[in-house]
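Now for the letters of each chain:
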Amino acid sequence: MKKIMRAIDKALGQVEDWTLFTAVIVALLAAMANIVLRKTTDISFYWSDEVVRKVIFFTTFMGASAAIRRRSMIRIDAVPQLLPLLQKPLTVISHLTVIAFSACMMWLGTTMTLMVYDDPFARTSTLDIPEWYFYAVLPVVGGMMLIRTIIQALEDWMNFRSDDSSSPSGESSVADDSPASPSVINFKNPVQK
Amino acid sequence: QDDPTAAWQPSFDPSTAEHTYLLSNISHPAIEGVGVGYRIRDAVWERSDGRLYVDFRPLAQLGGERDVISKLRMGAVHGMLSSSVAAANVADTLGIVNLPYVVDTFDKLERFIGNEELFEEFRQSPRRSGIVAVDITSYGTYGWATNRPVRSLEDARGVNFRIAEAPVNVDIYRNWGLRFTVMPWPDVPQALQTGVINGLDHTPTVCNITGKFDVANYFTEVNYAQGLFVHLINERWLNRLPADLREILLDVIAEESAKSRELAQIQHEEQIADAKTKGVEFIPLSDSDRERLIEMAEPVYERWGDRIGADYLQKVRDYLEE
Amino acid sequence: MDTSYIIILALLLGALAATIPVALVLFFIGLIGLAFFIGIDPLIVVEVLYRSMDKFALIVVLFFILCGNIMTTGSIVQKLIKTANVLVGFLPGGLAMAGILACGFFGAISGSTVATVVAIGGFMIPALIEHRYPERFTVGVMTTAPILGVIIPPSIAMILYAMVTNVSLEAFFLTGFVPGFLIILAMSIYTYLYCRKQPDLKVMPKPTLGEALATLKESFWALMLPVIIFGGIYSGIFTANEAAVVACFYAFFVELIIHRDMKFSQVKKVVVSSAVTSSTLLFIVAGASVFGEYLTFEQIPNQIANAVVSNIHSQWIFLLAVGIMLLLIGMFMDIISATIILTPILYPMLARFGIDPMHFGLLMTVNLGIGYATPPLGVSLYIAGTVANRNILYVTKAVAPFLLIQLAVLLVLMFWPDLVLFLPRWLYGYGG
Ligand code: NA
Ligand code: NA
């Protein structure tokens, strides 16, 4: 059981990390090429704007799944700080909310994707790509979040951590503008290099 | 700076209405083709004895155009004065008005709308998406606002134009062999000011009202297309409206849209005159350059003819060229 | 007030207190409002989630976070601190002033406060204590000076404000320099007066011209970063949004090739962790958009505006009332959520009180920025607390004098709009 969970966790982590990395680098290169070519040549990288926008959309939702793994979703945890007794029940509520969100994304997202799939005119505004590709990201990410959250809920209850989920604390919080999220409060040494 | 929506509060209390028609537009109500929303609201209220309230929300209050088109499909928004550029995303046929030198003058627009057969095909084209196109309003004729004089096609080659974000516009500019940038509208003022772009593909009315002429002091009258808002309505919502109210709404839209197109032409001329007093130079494009633009756009007519229906496109072009 | 609004408000506060992720709280309340109270097809939330992220302006959030992470991973940050130290380190309290100035330098590159607390505070707090600065003073100054991260442009909060209101981002950025300078000045004066009376302080020797030049030379590439960002924006090479992209390229280039203080093998990790951090912020923006959709359909912003306008008649009372409200909200909410949720409500009122939207945007940024260091939910307090190994009560007492200074500056800015608007008018021809 633990083994299977670890394997799933790791596989999802790889998908998240590599797609995020690729997407960000593609956006960075496309936007930079547009700036440079616009001033120096007659070439119009007219589609770079669209690439950047789709990357922002993609990284936000794929990153949200990764943020669950790293437990760096931004939340306000004043209450359990003041009343540690409430920690456990609130964690359960919180997990249930994420599961409900995942379900929403899978259900509403799939419905919407199918609707857009049926519409031949729903294409992106410059590259003319079918728009349902992008809508489909939402139910997929919803599924990933669901698996992640179930693994985490199990971790919390069985009190074990799979290796991959304990990324170095604070790693994702280096430039985090978040309020008192657990990841921010708990990380021990923010200057660790 | 006054709040542009404040002066446009209804003079009646809409809370007693039996039905509400939520109508969206992205632009500024000072433009006649947009302000028509308020006149539709008032006329419908009066003629329906306060039973139907047209809740008009201009200035992108309900979101960007692609966003509102989706809300229109699902019925969260009931109607939309959609720019013809965005409307092409609802049905290819609606994009016919965006092709260069097809519906390029106020007169041709009237003739197109006046032709029962041709316009009906246009109106019915988005029904597949559960939407009908009922009418059209205008915001002027497209040309190039630039910060250096563009007197010929050769001059235009040195300009980096900002164009609207739509496949047909990209296609047109590529075939014209001009430099262009696709950029969101809110970024335009800064980009124009700092020189990231030095030309703008738009109408004199919009350029003057939104202050673009403060920076770009030249306007080349390319006159290749009319800037239009296509009035789209969610068909399911329309069918659920009581028959008498439906008739009132559609009648008022037709009457007010026709009036607003006349007003738009007057506004187009007034705004040009006003811009001239501020020192903006208006430059006509020579007939030979115009011919070259049409020639170079040949692949555009072909490619979009396939999507719109080559027969239909040819019929419209022939009829309007008569 | 309609009962449904009270239900919504209670749900909002209750769910936030229950540690449910902020983005999901906003999402679900928006969904409930739209689907149950208004009766709109729930599919609309999918559309809103998609379109809210389909915006070019958000590029800056991702790329300025990435830029900050590159600089922290490499050595640009240390070099900025070194430079600040050479400039003011020899004065009484000089090392603390250098810390404030370094926050200013770093602020001119990074868009966020937390990045600044971590990057500068992490180095400076141990250094100051080592030089026998009183610990409480040290924690206080290094917890509050990072507000410069959001005030001195580029600033994520200012970018979001400009995105919601459509004010020119290039011009709006210019409003941040004078207030940023005033905060540096006011905090430095206090530091000078405080440290003069501290006999134990180790004062740094005055650097020779040669040493100063050597440091400047070493920091040359780091110091060029803000020059490139602002030079590029204001000379028309790229837009303020695109500046983030150029900054990342430059930072990568300097750290990987010039300084060689970052390895190519670190690139992926830095990029991925930046993407996740950016996502946690933008996910809130997406959730807030669903909530905002509900507010828009209900026309709640207009209703609140009408209520405020019919009860308040003076510009000054309006600014003060909103200022106090933002301070209270800032205690409980982060600057991103607060900006995204409150701007559409407050913005329509500005014209009626004759308040310039850029002036107001800057006040809002400073006001909410102060919230980083206010209990109970000031992130900076917690971070500084962990660095100094002190509890929240201790840190709260430590920041008090500095918060008072910043509030005083805020009051000056509130009643003297010219201070804020002078640069955009002068350099950008802004007409407001
Ligand atoms: Na900054
Ligand atoms: Na706070």
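Residues numbered from 1 in each chain as written. Chains lettered and ligands numbered in written order. Predicted model: local features only at pLDDT ≥ 70, side-chain atom pairs only at ≥ 80, totals over all residues. Heavy atoms only, no water.

As annotated in an unreviewed UniProt entry, chain A is TRAP-type C4-dicarboxylate transport system permease small subunit from Desulfurispira natronophila. Checking UniProt for chain A, the heading Subcellular location (unreviewed entry) contains the comment "Cell inner membrane". Regarding chain A, the relevant UniProt record gives this comment under Sequence similarities (unreviewed entry): "Belongs to the TRAP transporter small permease family." (UniProt positions renumbered as here; feature names shortened; annotations may be inferred.)

(A) Seen up close, the overall build of chain B. Scanning chain B from terminus to terminus reveals 14 helices and 11 strands. Radius of gyration (C-alpha) of chain B: 19 Å, near the 20 Å computed for a compact globule of 322 residues. In terms of principal-axis extent, the alpha carbons of chain B reach across some 60 × 50 × 30 Å. In chain B, which comprises 322 residues, the proportion classed as buried is 62%. Taking the intrachain contacts of chain B between residues at least 6 apart in sequence as the baseline, contacts between residues at least 24 apart amount to 75%. Surface summary for chain B: the accessible area is close to 11800 Å², and the carbon and sulfur share equals 46%. Looking at charge distribution, chain B has the averaged site of its 33 positive side-chain charges lying 5 Å from that of its 50 negative ones. (Helix = DSSP H or I, 4+ residues; strand = E, 2+ residues; numbered from the N terminus. Rg over C-alpha atoms; globule rule 2.2 N^0.38 Å. Buried < 20%, exposed > 50% of the residue type's maximum accessible area, 1.4 Å probe, protein only. Contact = heavy atoms within 4.5 Å. Areas by Shrake-Rupley, 256 points an atom, 1.4 Å probe, with all protein chains shown as cover. Lys, Arg positive; Asp, Glu negative; His and termini not counted. Charge placed at Lys NZ, Arg CZ, Asp CG, Glu CD.)

(B) Structural view of the packing of aromatic side chains. Tallied over the full model, the rule gives 47 aromatic pairs over all chains. Relative to Trp221 of chain C, the ring of Phe220 of chain C lies with its centre 5.5 Å away and its plane at 85 degrees, an arrangement referred to as edge-to-face. Look at Trp221 of chain C and you get partly exposed, because its relative accessible area is 30%. Put simply, the rings of Tyr46 of chain A together with Tyr139, Tyr142, Trp144, Phe161, Tyr173, Trp176, Phe180, Tyr224 and Phe229 of chain B pair up and form one aromatic cluster. Above the plane of the ring of Phe134 of chain A lies Lys54 of chain A, whose end atom (NZ or CZ) is 5.0 Å from the centre. Over the face of the ring belonging to Trp18 of chain A we find Lys268 of chain C, whose NZ or CZ atom lies 4.2 Å from the ring centre. (Phe/Tyr/Trp six-rings, centres within 6.5 Å; stacked < 30°, edge-to-face > 60°. Lys NZ or Arg CZ within 6 Å of the ring centre and 35° of its normal.)

(C) Quick peek at the pattern of salt bridges. For the coordinates displayed, the defined rule picks out 52 salt bridges over all chains. One salt bridge connects Asp128 of chain A with Arg307 of chain B, and the closest N-O pair in it is separated by 3.1 Å. You can see Asp128 of chain A sitting in the loop between α4 (87-117) and α5 (132-135) and its partner Arg307 of chain B sitting in helix α13 (residues 298-308), one on each of two chains. Judged by relative accessible area, which is 15%, Asp128 of chain A ranks as buried. The exposure class assigned to Arg307 of chain B is partly exposed, which follows from its relative accessible area of 29%. (Salt bridge = Lys/Arg side-chain N within 4 Å of Asp/Glu carboxyl O.)

(D) Spotlight on the interface of chain C and chain A. Taken together, the 78 residues of chain C in the interface contact 75 residues of chain A. Taken over both partners, the interface formed by chain C and chain A buries close to 6800 Å², and the fraction arising from carbon and sulfur atoms is 76%. Run the count over chain C and chain A and you get four salt bridges. Between Arg51 of chain C and Glu131 of chain A there is a salt bridge, and its shortest N-O distance comes to 3.5 Å. One can count 12 residue pairs in polar contact (both at pLDDT 80 or more) joining chain C with chain A. Top contributing element to the side of chain C that touches chain A by residue count: helix α16 (residues 267-297) of chain C, with 16 residues. (Buried area = accessible area lost by both parts, 1.4 Å probe. Polar contact = N/O pair within 3.5 Å; in protein donor to acceptor, adjacent residues only side chain to side chain.)

(E) Spatial organisation of the pairing of strand β2 (residues 52-57) of chain B. Residue and element names in this part refer to chain B. Within β2, six of the six residues are buried, leaving the element largely enclosed by the surrounding structure. What you see with β2 is no split at all: Leu52, Val54 and Phe56 on one side and Tyr53, Asp55 and Arg57 on the other are buried throughout. Direction of pairing for strand β1 (residues 19-25) relative to β2: parallel, over a ladder of six bridges. Following the sheet pairing, Leu23 is matched in β2 by Phe56. Taken together, β1, helix α1 (residues 32-47) and β2 constitute a β-α-β crossover, and its handedness is right-handed. (Pairing = 2+ DSSP bridges. Right-handed = clockwise from strand over helix to strand, strands pointing away.)

(F) View of the side chain of Glu235 of chain B. Residues and elements named next belong to chain B. Structurally, Glu235 can be placed in helix α10 (residues 235-240). The class of Glu235 is buried, set by a relative accessible area of 15%. Non-local contacts of Glu235, meaning those with residues more than four positions away in its chain, are made with Arg127, Gly130, Ile131 and Val132.

(G) Representation of the sheet that holds strand β9 (residues 218-221) of chain B within the structure. Residues and elements named next belong to chain B. Strand order across the open sheet formed by six strands is β7-β6-β8-β5-β9-β11, with mixed pairing between neighbours. The open sheet has two free edges, formed respectively by β7 (179-182) and β11 (281-284), since each of these has just one partner strand. Direction aside, neighbouring strands of the sheet carry axes that sit 30 degrees apart on average. Judged from the four bridges that link them, β9 and β11 form a sheet pairing that is parallel. Residue pairing across strands places Tyr218 opposite Glu281, the latter belonging to β11. (Axes fitted to C-alpha atoms, helices over the stretch in contact; angles between N-to-C directions.)

(H) Representation of the interface of chain B and chain C in the model. The interface is formed by 24 residues belonging to chain B together with 28 residues belonging to chain C. Per-residue buried area on chain B facing chain C is highest for Met74, Gln190 and Thr194 of chain B; these three make up 25% of the total on that side. Connecting chain B to chain C are one salt bridge. In this structure, Lys71 of chain B and Glu293 of chain C form a salt bridge, with 2.6 Å as the shortest nitrogen-oxygen distance. For the interface between chain B and chain C, the tally reads three residue pairs in polar contact (both at pLDDT 80 or more). Broken down by secondary-structure element, the contributors of at least two residues to the side of chain B that touches chain C are β2, α2 (65-74) and α8 (188-194) of chain B. Looking at which element gives the most residues to the side of chain B that touches chain C, the answer is α2 of chain B, with five residues. Each residue belonging to the side of chain B that touches chain C can be placed in one class, and the counts come to nine nonpolar, seven polar and eight charged. (Nonpolar A, V, L, I, M, F, W, Y, C, P; charged D, E, K, R; others polar.)

(I) Up close: the UniProt feature "transmembrane region" (unreviewed entry) in chain A. Residues and elements named next belong to chain A. Per the UniProt record, "transmembrane region" (unreviewed entry) is found at residues 20-39, 89-112 and 132-151. Helix makes up 100% of residues 20-39 and strand 0%, and the two end C-alpha atoms of the span are 29 Å apart. Note that residues 89-112 is 100% helix and 0% strand, and that its end C-alpha atoms are spaced 34 Å apart.

(J) Here's a closer look at the nonpolar core. Ranked by internal contacts, the top residues of the largest apolar core, which has 319 residues, are Phe122 of chain B together with Phe63 of chain C. Among the elements that make up this core, the one with the highest residue count is α16 of chain C (18 residues). Setting aside residues no more than four positions away along its own chain, Phe122 of chain B makes contact with Thr93, Leu94, Ile96, Val97, Phe112, Ala133, Ile136, Val230 and Tyr312 of chain B. Counting 16 residues, the second-largest nonpolar core is a separate cluster that includes Cys207, Ala216, Val280 and Phe282 of chain B. (Core = buried A, V, L, I, M, F, W, Y, C linked by side-chain atoms within 4.5 Å.)

(K) Spatial organisation of a nonpolar patch on the surface. All names here are of chain C. A contiguous nonpolar surface patch, about 560 Å² in accessible area, is contributed by Phe220, Trp221, Phe253, Ile257, Ile258 and Phe264. Taken together, the elements giving at least two residues each to the nonpolar patch come down to α14 (220-234) and α15 (240-258). With three residues, the top contributor of residues to the nonpolar patch is α15. Considering the arrangement of structural elements, one finds Phe220 in helix α14. (Patch = residues over 30% accessible without salt bridge, like charges linked within 9 Å, V, L, I, M, F, W, Y side chains within 5 Å.)

(L) How the structure looks around a negative patch on the surface. All names here are of chain B. A cluster of acidic residues, Asp287, Glu291, Glu295, Glu298, Glu302 and Asp306, forms a negative patch on the protein surface. If you list the elements that add at least two residues to the negative patch, you get α12 (287-296) and α13. Exposure remark for Glu298: the relative accessible area of 37% places this residue in the partly exposed category.

(M) Summary view of the confidence of the model for chain A. Residues and elements named next belong to chain A. The pLDDT averaged across chain A works out to 80; a share of 82% of its residues lies at or above 70. The secondary structure element of chain A with the lowest average pLDDT is helix α7 (residues 182-186), at 31, and the one with the highest is α5, at 96. Taken as a whole, residues 160-193 scores under 50 in pLDDT and shows 103 contacts with residues more than four places along the chain or in a different chain. (pLDDT = per-residue confidence, 0-100.)

(N) Main features of the pairing of strand β10 (residues 226-234) of chain B. All names here are of chain B. Most of β10 is tucked away, with nine of its nine residues classed as buried. Of the two faces of β10, the one holding Gln226, Leu228, Val230, Leu232 and Asn234 and the one holding Gly227, Phe229, His231 and Ile233 are both buried throughout. Two strands pair when backbone bridges link them, and strand β3 (residues 79-83) and β10 are joined in this way by five bridges, in the antiparallel orientation. Across the sheet, Leu81 pairs through a bridge with His231, a residue of β10. Pairing between strand β4 (residues 131-141) and β10: eight bridges, direction antiparallel. When the sheet's bridge partners are listed, Thr141 is paired in β10 with Gln226.

(O) Just the confidence of the model for chain B, in detail. In the predicted model, chain B carries a mean pLDDT of 92, and 98% of its residues have values of at least 70. Confidence metrics for the complex model read pTM 0.84 and ipTM 0.83.

(P) Examining the environment of Pro21 of chain C more closely. Mapped onto the secondary structure, Pro21 of chain C falls in the loop between α1 (3-17) and α2 (22-38). On the basis of relative accessibility, which here comes to 1%, the residue Pro21 of chain C falls in the buried class. Separated by 263 residues in sequence, Pro21 of chain C and Ile284 of chain C place their C-alpha atoms 8.7 Å apart. Apart from residues lying up to four places away in sequence, Pro21 of chain C is in contact with Met73, Ile74, Arg75, Ser94 and Val98 of chain A.

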